[in-house]
Amino acid sequence: MWNSPELFRKLIWGVMFAGFFIYSFQCCFRSFSTYVSRPTSTKYNMYFEPSKLIRFPSITICNMNPHNSTYLDLAEQRPMKAYLYETLKTPWSDDIPRPAIQKLQNFNVKNYYRNSGQRIEQFIEDVTFLEDPLEISDAFKEQFTTHGLCWTFNADGNRRVNRTGMDFGLSFGLNIDQDQYPDFVTTAGVKIMFHNYYEPALIDEYGMALSPGTENFISLSYERIKNLKAPYGNCSSEPPPLYQNYSVSGCERQCLQRSWYRSAGAGVTT
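Residues numbered from 1 in each chain as written. Predicted model: local features only at pLDDT ≥ 70, side-chain atom pairs only at ≥ 80, totals over all residues. Heavy atoms only, no water.

> Is there a simple way to think about the overall build of the chain in this case?
Within the chain one finds eight helices and ten strands. In the chain, which comprises 270 residues, the proportion classed as buried is 28%. Put simply, the chain shows about 19400 Å² of open surface, and 54% of that area lies on carbon and sulfur atoms. (Helix = DSSP H or I, 4+ residues; strand = E, 2+ residues; numbered from the N terminus. Buried < 20%, exposed > 50% of the residue type's maximum accessible area, 1.4 Å probe, protein only. Areas by Shrake-Rupley, 256 points an atom, 1.4 Å probe, with all protein chains shown as cover.)

Written out as structure tokens, the structure is:
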């Protein structure tokens, strides 16, 4: 080609060779850059398996009122009642004296919420699962959250389903006993949260509010996520030290515990 007397033909072949060389170099460079950066690819598959049993979620239910007015009227609970009125009816300020808080030394919060919270036989009724009636005391376990005494269905995660629909889930009625609401509790109803059995119930962050006097139908979808370890990303499926399994809410709770410990030297277990 280079010995050809036609200069135009030489020029055309030279431009084509240079162009293909530059294009090949760019392709190689992009492939190498992509390989070094280790990008994360997400695969999403959706399929239906009618014969496979899927773990039913745990369901935590809390009355928005953790303080029973009749229990607060007892003589031994008057310091707690005074403290609640001081803190809930008056904005908190370091300049405002709080005499009632001085009377709550060595106060057992868990015992208070257990005694002041609504009993399960008064709170939950007519429970059916897969259209079969259940014994309420066996189906629900007590759970202490920032809303006081709550109750969790399927706390051990053993219940499973293989079909969807209203007739193949959980059904129950609730009685919030609104006449036992103290006047400093301004919101009536319940908070409900769906979560894995190994996850802490963060009612304040993820709870769903339900109004009294209503009938509610809630549908759920099941999603499973597996995080890749480094160098593919900064995520991990390793459980945090305080919990047996990995969960987003567990990591959030542990981060909050560490923050409380650094600032106050103590943490909260709920």
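Alright, that's what it looks like, and here's the rest.
> I tried to follow the pairing of strand β6 (residues 148–153) on my own but got confused; where do I start?
It is a general feature of regular strands that their side chains alternate between the two faces of the sheet. Most of β6 is tucked away, with six of its six residues classed as buried. Where strand β2 (residues 58–63) and β6 come together, four bridges link them in antiparallel fashion. Bridged to I61 within β6 is W151. With six bridges connecting them, strand β5 (residues 140–145) and β6 associate as antiparallel partners. (Pairing = 2+ DSSP bridges.)

> What exactly am I supposed to notice about the nonpolar core here?
Soluble globular proteins tend to pack their nonpolar side chains together in the buried interior. Core analysis: the biggest nonpolar cluster contains 31 residues, and I124, F140 and F153 have the highest contact counts within it. Setting aside residues up to four positions removed in sequence, F153 forms contacts with F56, P57, S58, I59, F129, L134, A139, F140, R159 and L170. Grouped together as the second largest cluster of nonpolar side chains are five residues, C62, M193, A201 and I203 included. (Core = buried A, V, L, I, M, F, W, Y, C linked by side-chain atoms within 4.5 Å. Contact = heavy atoms within 4.5 Å.)

> What exactly am I supposed to notice about the state of the cysteines here?
Applying the stated criterion across every chain, the model contains one disulfide. Here C62 pairs with C150 through a disulfide, and the sulfurs are 1.9 Å apart. Residues C62 and C150 are joined through a disulfide that is right-handed, its torsion about the S-S bond being 110°. Here C62, found in strand β2, pairs with C150, found in strand β6; they are 88 residues apart in sequence, far enough to count as distant. Classification of C62 by relative accessible area gives buried; the value is 0%. Not part of a disulfide, C27 finds its nearest cysteine sulfur in C28, a span of 6.9 Å. (Disulfide = S-S within 2.5 Å.)

> What is the right way to look at the sheet that holds strand β4 (residues 132–133) in this model?
By definition, the strands of a sheet pair up through backbone hydrogen bonds, in either a parallel or an antiparallel sense. The sheet built from three strands is open, its strands ordered β4-β3-β8 with antiparallel pairing. Among the strands making up the open sheet, the edge pair consists of β4 and β8 (170–174). Here strand β3 (residues 124–129) pairs with β8 via four bridges, running antiparallel. Counterpart to E125 in the pairing with β8 is G173.

> How should the sheet that holds strand β10 (residues 208–210) be read in this particular structure?
Spatial strand order, β5-β6-β2-β9-β10: five strands in an open sheet with antiparallel pairing. The strands lining the two open edges of the sheet, one partner per strand, are β5 and β10. In this sheet, adjacent strand axes meet at a mean angle of 30° when their direction is disregarded. Lying on the sheet, helix α4 (residues 109–116) is in contact with β5 and β6; it crosses β5 at an angle near 130°. (Axes fitted to C-alpha atoms, helices over the stretch in contact; angles between N-to-C directions.)

> Is there a simple way to think about the pattern of salt bridges in this case?
Evaluation of the coordinates by the stated rule reveals one salt bridge. One salt bridge in this structure joins E142 and R114, with 2.6 Å as the shortest N-O distance. You can see E142 sitting in strand β5 and its partner R114 sitting in helix α4, a full 28 residues away along the chain. Judged by its relative accessible area of 35%, E142 is partly exposed. By relative accessible area, R114 is classed as partly exposed at 28%. (Salt bridge = Lys/Arg side-chain N within 4 Å of Asp/Glu carboxyl O.)

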